[in-house]
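If you want the building blocks of each chain, they are given just below.
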Amino acid sequence: MTALCQKIWEEKLSASLCSPPTETRKLCENYRTISLISHPQKTDRQTDRQTDRQTDRQTDRQTDRQTDRQTDRQTDRQTDRQTDRQTDRQTDRHTDRQTDRQTDRQTDRQTDRQTDTQTDRQTDRQTSLVATPI
């Protein structure tokens, strides 16, 4: 047993030994397994586990960052679309107001011209009636 332990220690190996049964050899429950592992190998396994955990954490962080970036991009796009729609609505309203004002001015001018023409005709008639001797 001592020789086996030294070999495991020197070569950084591990081994599993079955101890002889304490009672009947026919029952599996009577056998016990002893695991022999060298300390450097045990340390390596622990280090590997720690490295794996760190790698998993880094991967999770990167995935979270990517997801956050994608979400930010989507949110930015939605916000941009909403802003564009609002700007378009405002521009449309402004344009509609300008068009309405121009139309109102044109209508007012036409009405003023018609009124002026009618007033001028009436004034001319009255003047011609007054100026004509009876």
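Residues numbered from 1 in each chain as written. Predicted model: local features only at pLDDT ≥ 70, side-chain atom pairs only at ≥ 80, totals over all residues. Heavy atoms only, no water.

Participant: Break down the overall build of the chain for me, citing the residues and quoting the values.
Facilitator: When helices and strands are counted, the chain shows two helices and two strands. Its helices and strands taken in sequence order, the chain reads α-β-β-α from the N to the C terminus. The buried share of the chain, reckoned over its 134 residues, is 5%. Of the contacts formed within the chain by residues at least 6 apart in sequence, a portion of 36% connects residues at least 24 apart. Only carbon and sulfur atoms are counted for the fraction: they give 42% of the accessible area of the chain, which is about 12700 Å². (Helix = DSSP H or I, 4+ residues; strand = E, 2+ residues; numbered from the N terminus. Buried < 20%, exposed > 50% of the residue type's maximum accessible area, 1.4 Å probe, protein only. Contact = heavy atoms within 4.5 Å. Areas by Shrake-Rupley, 256 points an atom, 1.4 Å probe, with all protein chains shown as cover.)

Participant: Give me the confidence of the model for the chain: which residues, what numbers.
Facilitator: Of the residues in the chain, 70% have a pLDDT of 70 or more, and the chain-wide mean is 80. Element-level pLDDT for the chain is lowest in strand β1 (residues 14-19), with a mean of 63, against a maximum mean of 87 in helix α2 (residues 39-131). (pLDDT = per-residue confidence, 0-100.)

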